[in-house]
Amino acid sequence: MYQQIALYATVFFVFLLALAFAFVYGESKRSGDYGSIQKKGYRIRKFYFLGLIAVMGFASVMTLGRLPYDRNQAEATGMNEIKIVKVTGIQYAWEMSEDRFRVEDQVQFEVTADDVTHGFGLYNEKMELVAQTQAMPEYTNTVYYKFEEPGTYQILCLEYCSAGHHVMVKEIVVEPEGGSL
Amino acid sequence: MNENIHPLAKRTVVWYLAATALVLILMMIFGVMMLLNQGEMISLTPQWFYKIMTAHGTGMVGIAALGGTAILWYFLSKYVKLNPAMLIVNFVLFLIGVAMVLIAIFVFDFSDGWTFLYPLPAQSAKLAGAAGAMFFLSGMLVLGIGFLIMYMYLAARLTKGYGGLGKALGWDIIFRGKKGKGPPAAVVATAMVIITNSTALLAGATVLAASILNIVNPAITMDPMLAKHLTYAFGHIFANCTIYMAVIAVYEVLSEYTKRPWKANKVFLIAWNCSTLFTLMIYTHHLLMDFAVPKWMLIIGQVFSYANGLPVMVVTAYGALMIVYRSRMKWDFASSLFFLSMFGWVAGAIPAIIDATIVVNHVMHNTKWVPGHFHTYMGMGVMAMIFGFMYYFNTTEGNQQHRGIDTFSIALYFAFFTGLVGSFLYAGGISAPRRWAEHLPQWVLSDQAGAVSGIFIVLATTIFTVRFFAGLRSVGSNIPYNKNSAAS
C-alpha cells in the first residue's frame, strides 16, 4: 500500500512542480516591475509555506502513530501467542530457528548478523516487500509481522554485503490456517 | 569576466571542470553497464558488477564535489581574496585519492561499495587480502583531507573578511537586529558548506581510520552502530553539500541574466541557517531500519528530513521562479540549465522526503526508490548546475555562443533523465532491491528502460562535454586580474 501511495504522491507533486516551472517559463518572455513582483510573490509565499507545513504536518500525524518499532508490538500484546524466531545473517545465507508458519501467526523476528551488516527484507508471494530491518553484528533488531496470506515468502538481503549479496535469499512457507506444519 | 579570481585559480577551475566532465561520462557508462546487466542485455560477473558499482558511487560523489568546488571558488573569489595554492592542493590530493581508489577497485578487486560499511572492508580483507581495502580506505582519507584543508582555509578567509562564520551566515541580522542585507549568497553558502562538510569529513576520517586500524590489527574494533552513524554522517552530508556548493552559480548567474538583485534578506539567511542545522541532523534517515537506534533519533530523522525540504522549496527554488518571472531573460544553455536544475533539485526532494517517512521506509528502504530520488537531484540538479556553469564560464571568459545543438542536447538530457529516474522509482514501487547484480524477471523491464534512457543521457552528456572543450579554445590566456578589488 505504501509503495503505491509513494508513487502516486510523487507523480502528483512533481506534476504540480512542472506546471509551476512551465508557467514561469511562459511568463519569462514578458516584462514586469520586479518590486511589485516581489511584493506579490512574498504574499503568495506565505500561503505556499503554510500549505507545505500543513501537508507535512498531516503526513507526520498520519504516520508517526504507526511506527514499525512499536505498532506491531502494541498489537502483539493483545495476541494469544507470539512466535519468536531467531534470525542470523551470514555471508550469504539466513539462519532461522523456524521457517514454516501458519496464516494468522504473529511472528517476532529477532534479527542479527554474524559477520557484516545485512538487510532482512521480507517479501510476500507476489514479491512485494512487506517488512524489513537491518541485521547488524552485535545488535538485535526486532521486527514483527503477522502472516495474513498463505504462500511462499522470501527473505532477501537488502544491505549490500559483498559479491554474493544477491544470492542471499531464503524461502519460508506459510500454510493456510489450520494447515499442517 | 571575473577579474577578481587569480589567473592560476582560473586555470585550475578549468582543470576541475575538465576532470568533472570526463570522469562523469566514464561513471555514466559504468551506470549504464550495471543497468544493462540487471536488464539481462549484457552479462557481467557479480564481482565485476560490484566493482563497477563501487567505482560508480565513489566517482559520482567525488566529481559532484569537484565540480561544486570549482563553482564555489570561482564566485567566492569575487568577494574574498583567495590563494590558488589551496585549490591546487585540493586537486592534487583529490587525484592521488582517486588513483588509490581506482587501484583498490581494478587492481585489488575491492568491491565493498562507496559506503564501505564497517566491518565489511575488514571481512573482505580476510578473504581477498588487505591491499584492496587499504588502498580504498586510505584513498578516501587522502581525498577527504584535501577537502578539509580547503575548508579550513576558506573558514580562515571568511573569518578575516566577515568576522566569522556566524556573521557570514548573517547571525548579526537574524539575532541582533542589524539592518540591511546579509553577505553575498556565495559567502553565505560557503559558510554553510564549511560547517557541515567539515563535520562530515571529520566523521568520515574517524570511521576510515578505525576501519584501517581494524584491518591492521583485528583486536582494534569499533561498535558497528557507531561506525554506521559516522559513515552516513559523512556520506549523506558530503553528497548533500555538492548541491549547496553548486547552487551558488544559480544565485549569481540568474541574477546577472535577469538584471535583478538576489540579495540575502532575513528570510534567505534564516533558510540557509536552517539548511545548515538540518543537513547536520537528518543523516539519521539512513538508519530508520536500525531498530536499535533510539526512537526519538529516528523520529528526528523523519521530521527534520521534511523540514529540510522547506528552505529549497520556499526560498531557493521559489526565489528562482520569482527572479525569472516576467524578466525577459535571455534563454541560453546556462540560464536554461540553471532554471531546470532548480526543478531537478525540488523534484528529487519530493521522493526523498516521502522515503524519509518511517512507515514508507519500512517497505522501500534499499529498493531502487533510493537511487531514484538521489539520481533526480544529483543528475537533474547538481550536474545540470555544473554543466550550466561550464557554459557560463566559456561565455564570460571566452566567446562561446548558444547553438541549436545545445537546445537539442538539453532536451535530450532532461527527457531521458526523466525516463531513467522514472524507471528507478517505478522499480522501487515494485520492491526491486538496489545494489543487486542480478534481477528477477519482473524487475528486468524497468532495468531495460533505465539502460536505454542511460545511453541517451551519455550521448547528451558527451555533446555537453565536447561543446565545453570546444568553447575552452576561446578562453584567452591573457586573463585580466584585478589584484585589489576582491575583499580581503
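Residues numbered from 1 in each chain as written. Chains lettered and ligands numbered in written order. Predicted model: local features only at pLDDT ≥ 70, side-chain atom pairs only at ≥ 80, totals over all residues.

## Digging into the overall build of chain A
Along its length, chain A carries 3 helices and 9 strands. Against the globule reference of 16 Å for 181 residues, chain A gives a C-alpha radius of gyration of 24 Å, more extended than a compact globule. If one aligns the C-alpha atoms of chain A with their principal axes, the spans along those axes are about 75 × 40 × 30 Å. The burial tally for chain A puts 31% of its 181 residues in the buried class. The long-range fraction of contacts in chain A, counting pairs at least 24 apart against all pairs at least 6 apart in sequence, stands at 63%. (Helix = DSSP H or I, 4+ residues; strand = E, 2+ residues; numbered from the N terminus. Rg over C-alpha atoms; globule rule 2.2 N^0.38 Å. Buried ≥ 20, exposed ≤ 12 C-beta atoms within 10 Å, placed from the backbone. Contact = placed C-beta atoms within 7 Å.)

## Description of the sheet that holds strand S2 (residues 93-96) of chain A
Residues and elements named next belong to chain A. On the basis of which strands lie adjacent, the open sheet formed by 4 strands has the order S2-S1-S4-S7 and mixed pairing. Of all the strands in the sheet, the pair left with one neighbour each is S2 and strand S7 (141-146). If you compare each strand with its neighbour and ignore which way they point, the axes differ by 30° on average. In this sheet, S2 lies alongside strand S1 (residues 83-90) in antiparallel orientation, the contact comprising 4 bridges. Bridging from a neighbouring strand, Ile90 pairs with Ala93 of S2. (Pairing = 2+ DSSP bridges. Axes fitted to C-alpha atoms, helices over the stretch in contact; angles between N-to-C directions.)

## Some points on the pairing of strand S5 (residues 118-123) of chain A
Residues and elements named next belong to chain A. Buried residues dominate S5, accounting for 6 of its 6 residues. Of the two faces of S5, the one carrying His118, Phe120 and Leu122 and the one carrying Gly119, Gly121 and Tyr123 are both buried. Of the pairings in the sheet, the one linking S5 to strand S6 (residues 129-135) comprises 6 bridges and is antiparallel in character. When the sheet's bridge partners are listed, His118 is paired in S6 with Ala135. Linking two consecutive strands that pair antiparallel, namely S5 and S6, is a turn of 5 residues; a positive phi of about 60° is found at Met127 within it. For S5 and strand S8 (residues 151-157), the ladder comprises 4 bridges, and the chain directions are antiparallel. Across the sheet, the residue bridging to Tyr123 is Gln154, located in S8.

## Looking at the packing of helix H2 (residues 46-76) of chain B against helix H3 (residues 84-106) of chain B
All names here are of chain B. Put simply, H2 and H3 touch, their axes get as near as 11 Å, and they point 175° apart. Considering the angle they form, H2 stands roughly antiparallel to H3. Along its contact with H2, which presents Lys51, Thr54, Ala55, Thr58, Gly62, Leu66, Thr69 and Trp73, the element H3 presents Leu87, Asn90, Phe94, Val98, Val101, Ile105 and Phe106. Residues that form the contact of H2 with H3 fall into these classes: 9 nonpolar, 5 polar and 1 charged. (Parallel < 35°, antiparallel > 145°, perpendicular 65-115°, else oblique. Nonpolar A, V, L, I, M, F, W, Y, C, P; charged D, E, K, R; others polar.)

## Some words on the domain arrangement of chain A
The figure often quoted for interface size is the accessible area lost as the parts come together. You can read the domains of chain A as domain 1 (2-64) and domain 2 (71-175). Inter-centroid distance (C-alpha atoms) of domain 1 of chain A to domain 2 of chain A is 40 Å. (Domains from an automatic or database assignment.)

## So, the interface of chain B and chain A
Residue-level contacts link 61 residues of chain B with 65 residues of chain A. In terms of residue count, the dominant contributor to the side of chain B that touches chain A is helix H11 (residues 295-324) of chain B (11 residues). For the side of chain B that touches chain A, the per-class residue count stands at 38 nonpolar, 14 polar and 9 charged.

## Considering the sheet that holds S5 of chain A
Residues and elements named next belong to chain A. Read across the sheet, 5 strands follow the order S3-S9-S8-S5-S6 without closing on themselves; strand pairing throughout is mixed. The two strands at the open ends of the sheet, each matched to only one other strand, are strand S3 (100-102) and S6. Pairwise comparison of adjacent strand axes, ignoring direction, gives a mean angle of 25° for this sheet. Sheet topology note: the S8/strand S9 (residues 169-175) ladder contains 6 bridges and is antiparallel. Bridging from a neighbouring strand, Leu156 pairs with Val169 of S9.

## Brief notes about the nonpolar core
Residue and element names in this part refer to chain B. Ranked by internal contacts, the top residues of the largest apolar core, which has 226 residues, are Ile71, Val188, Ala189, Ile248 and Ala249. It is helix H9 (residues 224-258) that provides the largest number of residues to this core, a total of 21 residues. Not counting chain neighbours up to four residues away, the residues in contact with Ala249 comprise Ile71, Phe75, Phe338, Met385, Gly388, Phe389 and Tyr392. (Core = buried A, V, L, I, M, F, W, Y, C linked by C-beta atoms within 7 Å.)

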